[in-house]
Number of protein chains: 2
Amino acid sequence: MKESKAMRQDLVDVKELFKNTDQYTGRTIKVAGWVRSNRNSKNVGFLVVNDGTYFTPLQVVYSADTKDFDKLGSINVGAAVIAEGKLVATPDAKQPFELQATSVDIEGDSTPDYPLQKKRHSMEFLRTIPHLRARTNTFEAVFKVRSLAAYAIHKFFQERNFVYVHTPLITGSDAEGAGEMFEVTTLDLNDVPKTEDGKVDYSKDFFGKETNLTVSGQLNGETFAQAFKNIYTFGPTFRAEDSNTTRHAAEFWMIEPEIAFADLEDDMELAESMLKYIINYVLENAPAEMEFFNKFVDKGLIERLHNVADNDFARVTYTDAVDILMKHNDKFDYKVSWGTDLQTEHERFLTEQVYKRPVFVTDYPKEIKAFYMKLNPDGKTVAAVDCLVPGIGEIIGGSQREDNYDLLKKRMDELGMDESQYDFYMDLRKYGSTRHAGFGLGFERCVMYLTGMGNIRDVIPFPRTVGNCEI
Amino acid sequence: MKESKAMRQDLVDVKELFKNTDQYTGRTIKVAGWVRSNRNSKNVGFLVVNDGTYFTPLQVVYSADTKDFDKLGSINVGAAVIAEGKLVATPDAKQPFELQATSVDIEGDSTPDYPLQKKRHSMEFLRTIPHLRARTNTFEAVFKVRSLAAYAIHKFFQERNFVYVHTPLITGSDAEGAGEMFEVTTLDLNDVPKTEDGKVDYSKDFFGKETNLTVSGQLNGETFAQAFKNIYTFGPTFRAEDSNTTRHAAEFWMIEPEIAFADLEDDMELAESMLKYIINYVLENAPAEMEFFNKFVDKGLIERLHNVADNDFARVTYTDAVDILMKHNDKFDYKVSWGTDLQTEHERFLTEQVYKRPVFVTDYPKEIKAFYMKLNPDGKTVAAVDCLVPGIGEIIGGSQREDNYDLLKKRMDELGMDESQYDFYMDLRKYGSTRHAGFGLGFERCVMYLTGMGNIRDVIPFPRTVGNCEI
C-alpha cells in the first residue's frame, strides 16, 4: 500500500455516516461540504452541511470549544467548509447524530448575496441559474434520480446481455423524417460557398455533404441488432421543433433497444420489464429523494409507481381504443375517429380514466405511423405500439419492423421516399432478415414520470429549448 | 403468470448453452441465429450459427433425418435460421457440443453475393459496410468489448456514488477553445439572413444566437461537482479538425469525472483505479473476445493489460520527463526542451521505453495548458496531469482546477478571454469554492487500448471523419 498525499484520504462522506453510523459514532472525523444554513446564538451555532453524497445533510455544532469560534457565526450560506470533530448520537433530536466540531475550516466562503438563501425559490428563477440549482433540495433529488435511472437502464440491458451501441449523432440522412433537424456545418455562414447554379456548395463542408443532428438512432441500431440479436442505444437526439411546451426540448436523451428474432409481443414484454425495473431501482436506491418528491412535488407519486411496478400493463388495440374514446368525444378538444392520431388528451384519458395504469395501444393505422413498421395481415394497420402512462401520456413508442424486402420497398415507393439513402437498410432485408422489433423511450419523460416534475426544463441539467441555450 | 404469445419464448440463446451446458444437453431446443458457414456432403451438413449472444458459435448438424434435408445444403452464408433439435455433447470434437437438427427453418435467406463470405476481408473493405461488419468475428469482438467497457465505466462510478451528468451537446460558448467546432443552425444556408451591417443575423436562428457542438463537458461538469462532490459525464463530443489520422474522429465519446474537495493526487488515484477497473472488467467478461484479439490483432495484449492492472502507475513531473527525453533527442523528429509540448513520439518513448507501464506526467508549463488549470507555487507550472499508456500515448488528460477567483481572473485576462461567457464559471469561485480536479478519458482511445485495434475508425460503429459521414 503506497502512502497517499491526497486531500481526500482524511474525509468521510456524509453518506457513509448514515449508512454505517455505528462505525463512526464516538469517533473524531473530518467532513467536507457546503453550508445550507448557519444559525447561532451567543454560545452555540449550527451549520447544516450537505456534501452532495447524501440527500439528508449533516448537522455540525460549534461552540466556545471550537477553534476560532467567534469567526464561525459569519460563515455565509453556500460556503464550502471542512469540519472536524466527534460524531455524537442524538437520540432525542430530529437528526440521528451530529458532529461536535473542534474546528471548522473555511475551504471557500460564499457571499451574503449568494442566490440560494434558505427560502423557497420559484422554478422560473432557478432555471436562470442552472449552474447553481443542483445545490437545492429539489434539484439535488432530480439529478440524483436522473443519474440512478440512467444507470438502472444500463444495468437492466447489460444483465440481459444486450450490447450498448453508440449510434452516430451527426448524420447524412434524415433518418425517418421524424422531425425538424439541426444542420451541422463548418461553412462560414457569412460567406457560404455556392456552386455554379447558386446552391450551397456542400463539397466544401467538413463531410463533403449536407449533415444534420440525428433525430433517432433506430435505423443504425437495427443494423447492429442483426448482428448481436439484442442491442440498445442510449444517447442524445435532437429536434429543431419550435414548440415551447413543458414536454419538448431541442436536445434530449433516448433509449432505443432493438431485438432480432422477436415480434411485437416480445417488444411489449421488454418495455414493461424495463419500466418496472427502473421504477424499482429508483425506489430502492433513492428512498429519501422519492419521499421528498412524494411530499413536496407530487403527492401520491410513490403509491402510483408501486402500482405500476406491481401490476401488468393493460393492452388494447388502436381500433378498440378509438371505440372507447369516441364515446367520450364531448370531453375532448380534438374529436376522435378511426384514422386520427391520438392526442395527449386522449392518451391520458385512456391511461388515467379507463385503465388507471399503463396501457399498451397497438396496431395503429399505417397512415399515421412510420414507413418501417410491419404491415399487419389486415393491410390497414401496422404492428406499432405506444405505451401510455398516467400523468404523461405516451412515454414509449415502438413497433415490429417490416422485415420483408418487397413490402418495405412498396411502402417506401408509396411514400415517395428517396431510396438511395436507404441501401444499408434494405440490405438488412436481403441478407438474413429476421422478424425484429424495438422501441424508443424518451429519457427526460421517464425522469419526469419518476419524479413527478412537471416541466422538462427541470429534469435536464442545462436545457436547450427554442430561444434558450444558456451555459 | 400470464401466457405469452411472444416469438422468443421458445428460443434459447447460444450463450445459455455455453454457460449452462449440463442443463441443456440431451434436451430438444430451438436456437435462432445467422449462418456463418454451411458445408455439406451427400448425407450430412454443418451450419455454423452465431446468434450474437456469444462469441463462440453453435454447430448445427443436419442429415437425412432432418426435415427438408435436400433444401438445407443451399442455405446461403448470412441467412437467418431457426434450428430445432437435440443438444448433444461431443467430447471428441473441437466444440463441446452440437445441435442435431430435426428441422432448420429459414427465417430470412441471404444471397450468394452476400459481402461477408467466409474469408479474410481487409479492414478497408469492411469500413465500407459498417452496417454489416459487426457480423464478423473481429467487429463482433470490438463492439462487444466497447459495450462492456462503457458499462464498466458506469459501474465503476456508480459504485462509488458518483452522479452521472448529461452535459449539453449544443453550446453557446466555445468552452475552452479546445478545438475547432461544428456550427449548429436552422438558418437556410441558401439564403442566410443578415443584419444591417452585413453580419449573419443569429437572432433568426433557433436559439437566437450562434451555437456549436461541444468539445468538452468539463466546465458544465464542474458546476455539478460543486453540488454533488463526485460526478462524471459520459457523452459525445466533437472536433471539426481536418486531421486524417488513425487516432482522430470528428465525433467521439468522452468520460469526464470531476471531484470536489480533491487535489491532483486524488485525481490520479481515481484515474488509475478507473483504468484498472475497466481492464479487469473486460478481461473477466469477454475472455473469448480478448483471446481473439490477443491471437489475431495484437499479440501480447492480455499480458500487457494484466501488467497494467496489477502494478502501480509510474509518476514523473514534466520537468523531470523533459530531462530524460533530452538525453534521447537524437531519436525524435521533434526535439524536446523545457516548454515544448510533448508529442506522441515522446509520450510513447516515456511509457514504452523508460517506464514500460502507464505513467502520469504532472506539472506542465502553464503556457501549454488550458486556462483553468491550477497554478503551482512555482508560478511557472500548473497542476496538470497526462496519463500515458504503451501503444497509445496520452489516454487521459486532467488537472486540478484553479479555484481561486483572483488567480483565475488574472489568467483569463492574460489570455485575453471573453469573460462575459464565463460568469457561471466564476460564480463557482465566488460561492463555496473548493479545491477540485478532474480528467477526460477519450472513450475510443480506451477501446483501442483494450482491443489492440490500430485505427479509431474500427472501434466506432459508424465513424465520422473528415469527408466521411456514411449511414
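Numbering of residues starts from 1 in each chain and follows the order in which that chain's sequence is written. Note on labels: chains are lettered from A, ligands numbered from 1, in written order. A pLDDT threshold of at least 70 governs which residues receive local features in this predicted model, and a stricter bar of 80 or more applies before side-chain atom pairs are shown or counted, although totals over entire chains, interfaces and linings include all residues. Side-chain numbers come from the whole structure's heavy atoms, not from hydrogens or water.

**Q** Hey, could you go over the relation of the copies chain B and chain A for me, with residue numbers and the actual values?
**A** Expressed as a screw operation, the relation of chain B to chain A combines 0.0 Å of axial shift with a rotation of 180°, fitting to an RMSD of 0.0 Å. The superposition of one copy onto the other is thereby described by a two-fold rotation axis. Closest approach to the rotation axis among the C-alpha atoms of chain B is made by Val 184 of chain B, whose C-alpha sits 2.5 Å away. We call two residues in contact when some of their heavy atoms are within 4.5 Å. Same-surface contact between copies: 100% of interface residues of chain B are shared with the interface of chain A. Least-squares superposition of the copies uses the C-alpha atoms of those residues scoring a pLDDT of at least 70 in each of them.

**Q** How would you summarise the pattern of salt bridges if you had to cite specific residues and measurements?
**A** Salt bridge, as used here: a side-chain nitrogen of Lys or Arg that lies within 4 Å of a carboxyl oxygen of Asp or Glu. As enumerated under the stated definition, the model contains 56 salt bridges over all chains in all. When the shortest N-O distance is used, the salt bridge between Glu 258 of chain A and Arg 401 of chain A registers 2.8 Å. Taken as a pair, Glu 258 of chain A in strand β11 (residues 251–260) and Arg 401 of chain A in the loop between β15 (393–400) and α12 (405–414) lie far apart in primary sequence, 143 residues in all. Overall, Glu 258 of chain A belongs to the buried group, its relative accessible area being 2%. A relative accessible area of 2% means that Arg 401 of chain A is categorised as buried. The partner of Glu 272 of chain B in a salt bridge is Arg 315 of chain B, and the shortest N-O contact between them spans 3.7 Å. Residue Glu 272 of chain B is located in helix α7 (residues 264–285), and its partner Arg 315 of chain B is located in strand β12 (residues 314–317); the two are separated by 43 residues in the primary sequence. When a residue's accessible area, from a 1.4 Å probe over protein chains only, is under 20% of the maximum for its type it is buried; when over 50% it is exposed; and in between it is partly exposed. You can call Glu 272 of chain B buried: its relative accessible area is 4%. Runs of E in the DSSP output that reach at least two residues are strands. Runs of H or I that reach at least four are helices, and both are numbered from the N terminus.

**Q** Before we move on, could you go through the sheet that holds strand β9 (residues 211–213) of chain A and cite the residues and values that matter?
**A** Strand pairs in the sheet, formed through backbone hydrogen bonds, run parallel or antiparallel to each other. Two strands are counted as paired when DSSP detects at least two bridges linking them. A sheet is described by the order of its strands in space; here six strands give the open sequence β7(A)-β9(A)-β8(A)-β8(B)-β9(B)-β7(B), paired in antiparallel fashion. In this open sheet, the two edge strands, each paired with only one partner strand, are β7 (170–171) of chain A together with β7 (170–171) of chain B. Strand direction decides the pairing type here: β7 of chain B and strand β9 (residues 211–213) of chain B, joined by two bridges, are antiparallel. By the bridge assignment for β9 of chain B, Thr 171 of chain B is matched with Asn 212 of chain B.

**Q** Pulling in residues and values, what's your account of the interface of chain B and chain A?
**A** Listed as interface residues are 129 residues of chain B and, on the opposing side, 129 residues of chain A. Here the buried area means the combined drop in accessible surface, using a 1.4 Å probe, for two parts upon being joined, counting both sides. When chain B packs against chain A, close to 10,700 Å² is buried across both sides, 59% of that on carbon and sulfur atoms. At the boundary of chain B with chain A, the tally comes to eight salt bridges. In this structure, Glu 470 of chain B and Lys 209 of chain A form a salt bridge, with 3.7 Å as the shortest nitrogen-oxygen distance. A total of 12 residues in the side of chain B that touches chain A trace back to one element, the largest contributor, which is helix α5 (residues 137–159) of chain B. Throughout this entry, Asp, Glu, Lys and Arg are counted as charged residues, while Ala, Val, Leu, Ile, Met, Phe, Trp, Tyr, Cys and Pro are counted as nonpolar. The remaining residues, Gly among them, count as polar. Residues of the side of chain B that touches chain A, tallied by class, amount to 60 nonpolar, 34 polar and 35 charged. Here strand β8 (residues 183–185) of chain A runs beside strand β8 (residues 183–185) of chain B; their pairing, made up of three bridges, is antiparallel. Opposite Val 184 of chain A, over in β8 of chain B, you have Val 184 of chain B as the bridge partner.

**Q** Requested: an account of the sheet that holds strand β16 (residues 436–442) of chain A, with residues and values cited.
**A** Residues and elements named next belong to chain A. Across the sheet, eight strands lie side by side as β6-β10-β11-β16-β15-β14-β13-β12; this open sheet has mixed pairing. The open sheet terminates on both sides in strands that have one partner only, identified here as β6 (163–164) and β12 (314–317). Two strands pair when backbone bridges link them, and strand β13 (residues 359–365) and strand β14 (residues 381–389) are joined in this way by six bridges, in the antiparallel orientation. Across the sheet, residue Thr 362 finds its bridge partner in β14, namely Val 385. To get an axis, fit a line to the C-alpha atoms, keeping to the stretch in contact for a helix; angles then go from 0 to 180 degrees between the N-to-C directions. Relative to the sheet, helix α5 (residues 137–159) contacts β6, β10 (230–238), β11 and β16, its axis offset from that of β10 by approximately 150°. Along the sheet face, helix α7 (residues 264–285) touches β11, β12, β13, β14, β15 and β16 and points at about 30° away from the line of β16.

**Q** Would you mind going over helix α13 (residues 423–430) of chain A in detail, with residue names and values included?
**A** Residues and elements named next belong to chain A. Counting buried positions over the eight residues of α13 gives six, a clear majority of the element. Taken together, the buried positions of α13 are Phe 424, Tyr 425, Met 426, Asp 427, Leu 428 and Arg 429. Where α13 is buried, its residues touch α6 (218–228), α12 and β16. At the exit of α13 stands Gly 432, carrying a positive phi of roughly 70°.

**Q** Describe the packing of aromatic side chains, and please don't skip the residues or the numbers.
**A** Stacked, tilted and edge-to-face are the three classes applied to pairs of Phe, Tyr and Trp rings, where Trp contributes its six-membered ring and a pair requires centres within 6.5 Å; stacked means planes under 30 degrees apart, edge-to-face means over 60, and tilted covers the rest. Here the structure, examined in full by the defined rule, presents 64 aromatic pairs over all chains. Judged by centre distance (5.2 Å) and plane angle (40°), the ring pair of Tyr 318 of chain A and Tyr 364 of chain A falls under tilted. Of this pair, Tyr 318 of chain A sits in helix α10 (residues 318–326) while Tyr 364 of chain A sits in strand β13, and the two are 46 residues apart along the sequence. As far as burial versus exposure is concerned, Tyr 318 of chain A and Tyr 364 of chain A are alike and both buried. Between Phe 156 of chain B and Phe 157 of chain B, the ring centres sit 5.0 Å apart and the planes meet at 80°, which makes this aromatic pair edge-to-face.

**Q** Any chance you could break down the pairing of strand β4 (residues 80–89) of chain A for me, citing the residues and the numbers?
**A** Across a regular strand the side chains alternate sides, sitting on one face of the sheet and then on the other. Pairing analysis gives seven bridges linking strand β1 (residues 28–40) of chain A to β4 of chain A, with the strands arranged antiparallel. Within β4 of chain A, the position partnered with Ile 29 of chain A by the bridge is Gly 85 of chain A.

**Q** Please give an account of the domain arrangement of chain A that cites residues and values.
**A** Residue and element names in this part refer to chain A. All domain edges in this entry derive from an automatic or database-based domain assignment. Under the domain assignment, chain A is made up of domain 1 (1–117) and domain 2 (133–178 + 214–456). Averaged C-alpha coordinates put domain 1 and domain 2 at centres separated by 44 Å. With eight residues of domain 1 at the interface, the matching set in domain 2 holds eight residues. Approximately 770 Å² of surface area, both sides summed, lies buried where domain 1 meets domain 2, with 53% of it carried by carbon and sulfur atoms. Taken as a group, Arg 36, Phe 55 and Leu 116 account for 74% of the area that domain 1 buries against domain 2, more than any other trio of residues on that side. Taken together, domain 1 and domain 2 are joined by one salt bridge. Measuring nitrogen to oxygen at the nearest pair gives 3.0 Å for the salt bridge that ties Arg 36 to Glu 140. Whenever a nitrogen or oxygen atom comes within 3.5 Å of another N or O atom, the pair is scored as a polar contact, on the condition that within protein one atom can donate a hydrogen and the other can accept it, and that pairs from neighbouring residues in sequence are kept only if both atoms are in side chains. Counting across the interface, domain 1 meets domain 2 through five residue pairs in polar contact (both at pLDDT 80 or more). Of the residues in the side of domain 1 that touches domain 2, the class split is four nonpolar, three polar and one charged.

**Q** Account for the nonpolar core, naming residues and giving values.
**A** If you look at the biggest cluster of nonpolar residues, it comprises 213 residues, and the most contacted ones within it are Phe 182 and Leu 441 of chain A together with Phe 182 and Leu 441 of chain B. Those residues within four positions of Leu 441 of chain A in sequence are excluded, and the remaining contacts are Ile 153, Trp 253, Met 254, Ile 255, Met 274, Leu 275, Ile 278, Ile 395, Ile 396 and Cys 446 of chain A. Judged by nonpolar contacts, the second largest core, of 30 residues, contains Ala 321, Leu 325, Leu 342 and Met 426 of chain A. What is meant by a nonpolar core is a set of buried Ala, Val, Leu, Ile, Met, Phe, Trp, Tyr and Cys residues, joined one to another through side-chain atoms within 4.5 Å.

**Q** I'd like a description of the confidence of the model for chain A, backed by residues and values.
**A** Mean pLDDT over chain A works out to 95, with 98% of the residues at or above the 70 mark. Among the scores for the predicted complex, ipTM is 0.97 and pTM is 0.97. Known as pLDDT, the predictor's confidence for each residue is given on a scale from 0 to 100.

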